[in-house]
Amino acid sequence: MKIVLASKNTHKLEELQAILGAQGVEVILEAQAGVDVDVEETGTTFEENSLLKARAVMEASGLPAIADDSGLCVDALQGAPGVYSARYGGEGLDDVGRYTLLLNNMRGQLDRRAKFVSVITCCFPNGDVLTARGECPGTLAYAPKGEGGFGYDPIFYLPAFKKTFAQMTAQEKNTVSHRGRALAAFGEKLAAYLAAHNG
């Protein structure tokens, strides 16, 4: 079975292939399906945005499409940057610019609690929709640490590991990350769905 990933992010493709490949699902990028869809993320929740992206790519490609919408929610900032994580601070900022802005906005804050959230949605051409959500609680570091990962990984600290996401191996991160958890839950739902429809 082929599923189109509604993203141009190769990091996400690798994570999805690693987890869904075990179920015999082939995950391909939009370009491999011959489509290039630019979806405006107008939703106010991760669920709304992942559905918008998955539905648009499914309609354009005629194949099942999967989308992930994820972000960092900081307690002291009332859940910000949240769904705006990738656009935090406006156009023109790179990952380092975004997490530096976030650290500046947190200056003097003793409550460092935060969580990463990932919502995965798969839309099928027959109208069926599968959705799964994963969360990873942690805290915000006071300064970036680590060379790995992407996005806010260098400032997202996991007390149990005494490391930021950027200091963890890919294997360590996949076992506890928001996307890893969402994908594990999604994988179970997809397996049940495929068993019911191939029977």
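All of the points below concern the structure found in this document. Not measured: the values here are computed from a predicted model.

With respect to the pattern of salt bridges
- Scanning all chains against the criterion turns up 15 salt bridges.
- One salt bridge connects Glu-30 with Lys-8, and the closest N-O pair in it is separated by 3.4 Å. Placement of the pair is Glu-30 in the loop between strand E2 (26–29) and helix H2 (46–61) and Lys-8 in the loop between strand E1 (2–5) and helix H1 (10–20), with a sequence separation of 22 residues.
- On the basis of relative accessible area, Glu-30 is assigned to the buried category, the value being 4%.
- Here Lys-8 falls in the exposed class, since its relative accessible area comes to 53%.
- In this structure, the salt-bridge partner of Arg-113 is Asp-111, at a minimum N-O distance of 2.9 Å.
- Overlapping salt bridges bring together Glu-41, Lys-53, Asp-69 and Arg-87 as one network.

Looking at the environment of Pro-81
- Mapped onto the fold, Pro-81 is located in the loop between strand E3 (65–74) and helix H3 (95–105).
- Discounting residues that sit within four places of it in the chain, Pro-81 has contacts with Leu-72, Val-74, Tyr-88, Leu-102 and Tyr-152.

As for the packing of H1 against helix H5 (residues 178–197)
- Look at H1 against H5: their axes get within 10 Å of each other, and the N-to-C directions meet at 45°. The orientation of H1 with respect to H5, classified from their angle, is oblique. The handedness of the crossing between H1 and H5 comes out as right-handed. Of the residues in H5, those in contact with Lys-12, Glu-15, Leu-16, Ile-19 and Leu-20 of H1 are Arg-179, Gly-180, Leu-183, Phe-186, Gly-187 and Leu-190.
- Along the lines of polarity and charge, the residues of the contact of H1 with H5 split into six nonpolar, two polar and three charged.

About the cut-offs
Residues numbered from 1 in each chain as written. Predicted model: local features only at pLDDT ≥ 70, side-chain atom pairs only at ≥ 80, totals over all residues. Heavy atoms only, no water. Salt bridge = Lys/Arg side-chain N within 4 Å of Asp/Glu carboxyl O. Helix = DSSP H or I, 4+ residues; strand = E, 2+ residues; numbered from the N terminus. Buried < 20%, exposed > 50% of the residue type's maximum accessible area, 1.4 Å probe, protein only. Contact = heavy atoms within 4.5 Å. Axes fitted to C-alpha atoms, helices over the stretch in contact; angles between N-to-C directions. Parallel < 35°, antiparallel > 145°, perpendicular 65-115°, else oblique. Left-handed = near helix turned anticlockwise from the far one by under 90°. Nonpolar A, V, L, I, M, F, W, Y, C, P; charged D, E, K, R; others polar.

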